[in-house]
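Per-entry structural report
Here is what each chain is made of, one letter per residue.
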Amino acid sequence: GPGAGDGCGICGSDDRVQDDDDRFFRIMPVGCSGTLYNDSSCGVTAGHCLQSGMVAQFQVPNSASNCNTYNPPVSEQFPVTDYDGGNGGVGDDYGALAIGTNNSGQRPYERYGQYVEIANSVPSSGTLHNNGYGVDDQCTRSQTQQYHSGPMQYRGSSHIEYNIDATYGNSGSSILYNNKIIAVVTHCSYSCTNYGTRIDKNAFENVRDDICEEVDPPATGACCIGDNCYTTTEAACSGTYLGDNVSCSGNPCASAEGACCLGTSCYQSTES
């Protein structure tokens, strides 16, 4: 069926378990995986996943009994607004994404409040972790988020090899060590060795910088609701927005008081 692979990347029995972690997303319509890596809602994936019209999907529901996928609610879907990468084979397969807003004007980080940091270095051994949206012979799980972990096997100059169940659809999902991204999944094999591009590859770093440099989190400022002051975005302010970067210190929302003269007596009061 459309959800079943041919066993590429699955070592022995399939030991993946379903998970629900909002740092990881499914990329449709191509059917790949990605990871948020900063508070500007930028993502990493594999270069061979990149195409126009991509949508990042979170909170992905189970698939149908014939393996057909279902979309999450529109509030959990975000358009990819810009992307770049390379697709040159093992060790040269990488992509970066800028992700836009859902129907409520939120980017993923604003909605879910979390991401995975990029590692400063790539280890040569240790236990690695992966969350991705691979196909599965068990149709309702196919292309839903699943988790597996396994050992690092080899660290090359631009790629790593590892034994984690990761198959078609896992492409672009991140390999984590100590809860930080060290690589993205790119290629599977039939010999209990799978492959990923190192996150610290110079060309990979360059496309992340290029794609993400224009994506800043929305500005915040003072929002007055009555005499109370809150720091939030203009879009989220249900009262009077005083402007970007305006501070709530000293409470600019409190009713201004001054000298009020009644005859020869003076009182501290508001104008009204």
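These notes cover the structure that comes with them. Keep in mind it's a predicted model, so treat the numbers as computed, not measured. (Residues numbered from 1 in each chain as written. Predicted model: local features only at pLDDT ≥ 70, side-chain atom pairs only at ≥ 80, totals over all residues. Heavy atoms only, no water.)

**A short note on the nonpolar core**
- Counting 18 residues, the largest nonpolar core has Tyr37, Val44, Ile181 and Phe204 as the members making the most contacts within it.
- Those elements giving two or more residues to this core turn out to be strand S4 (42-45), strand S7 (93-99), strand S13 (180-187) and helix H2 (202-212).
- Looking at this core element by element, the count peaks at four residues for H2.
- When near neighbours in sequence (up to four residues on either side) are disregarded, Tyr37 contacts Cys42, Gly43, Val44, Tyr115, Val116, Glu117, Ile118, Ile181, Arg208 and Cys212.
- Formed by 15 residues, the second largest nonpolar core is a distinct cluster that contains Phe25, Ala56, Phe58 and Val80. (Core = buried A, V, L, I, M, F, W, Y, C linked by side-chain atoms within 4.5 Å. Buried < 20%, exposed > 50% of the residue type's maximum accessible area, 1.4 Å probe, protein only. Helix = DSSP H or I, 4+ residues; strand = E, 2+ residues; numbered from the N terminus. Contact = heavy atoms within 4.5 Å.)

**Describing H2**
- Residues Phe204, Val207, Arg208, Ile211 and Cys212 constitute the buried set of H2. Buried residues of H2 fall within an arc of 110° about the axis and therefore sit on the same side.
- Considering only its buried residues, H2 is in contact with S4, strand S6 (77-87), S7, strand S8 (117-118), S13 and strand S14 (194-198). (Arc of directions from axis to C-beta.)

**Description of the sheet that holds S7**
- Ordered by their spatial adjacency, six strands build a closed barrel running S2-S3-S4-S7-S6-S5, and the pairing between neighbours is antiparallel. The average angle at which neighbouring strand axes cross in this sheet is 40°, direction not considered.
- Those strands touched by H2 are S4, S6 and S7, and its axis lies near 15° from that of S7. (Pairing = 2+ DSSP bridges. Axes fitted to C-alpha atoms, helices over the stretch in contact; angles between N-to-C directions.)

**Remarks on the pattern of salt bridges**
- For the structure on display, the rule yields seven salt bridges.
- Among the salt bridges present, the one from Arg111 reaches Glu76, with a minimum N-O distance of 2.8 Å. One end of the pair, Arg111, is in helix H1 (residues 108-112); the other, Glu76, is in the loop between strand S5 (55-57) and S6, with 35 residues separating them in the sequence.
- A relative accessible area of 31% places Arg111 in the partly exposed class.
- The exposure class of Glu76 is buried, given its relative accessible area of 10%. (Salt bridge = Lys/Arg side-chain N within 4 Å of Asp/Glu carboxyl O.)

**Focus: unusual backbone geometry**
- Residues Met28 and Pro29 are joined by a peptide bond in cis, for which omega reads 5°.
- Looking at where Pro29 falls in the secondary structure, it is placed in the loop between strand S2 (24-28) and strand S3 (32-36).
- Unlike most non-glycine residues, Cys67 shows phi in positive territory, near 80°.
- Its location among the elements puts Cys67 in the loop between S5 and S6.

**Quick notes on the state of the cysteines**
- Inspection of every chain in the model, using the stated rule, returns eight disulfides.
- Between the sulfur atoms of Cys32 and its disulfide partner Cys49 the distance amounts to 2.1 Å. Note on the Cys32 and Cys49 pair: the S-S dihedral is about -80°, so by sign convention the disulfide is left-handed. Taken as a pair, Cys32 in strand S3 and Cys49 in the loop between S4 and S5 lie far apart in primary sequence, 17 residues in all. Assigned by exposure class, Cys32 and Cys49 land together as buried.
- One disulfide in the model links Cys224 with Cys253; its S-S distance is 1.9 Å. The S-S bond linking Cys224 to Cys253 shows a torsion near -85°; that makes this disulfide left-handed. Of this pair, Cys224 sits in strand S15 (residues 220-225) while Cys253 sits in the loop between strand S17 (240-244) and strand S18 (257-262), and the two are 29 residues apart along the sequence. The burial state of Cys224 is the same as that of Cys253; both residues are buried. (Disulfide = S-S within 2.5 Å.)

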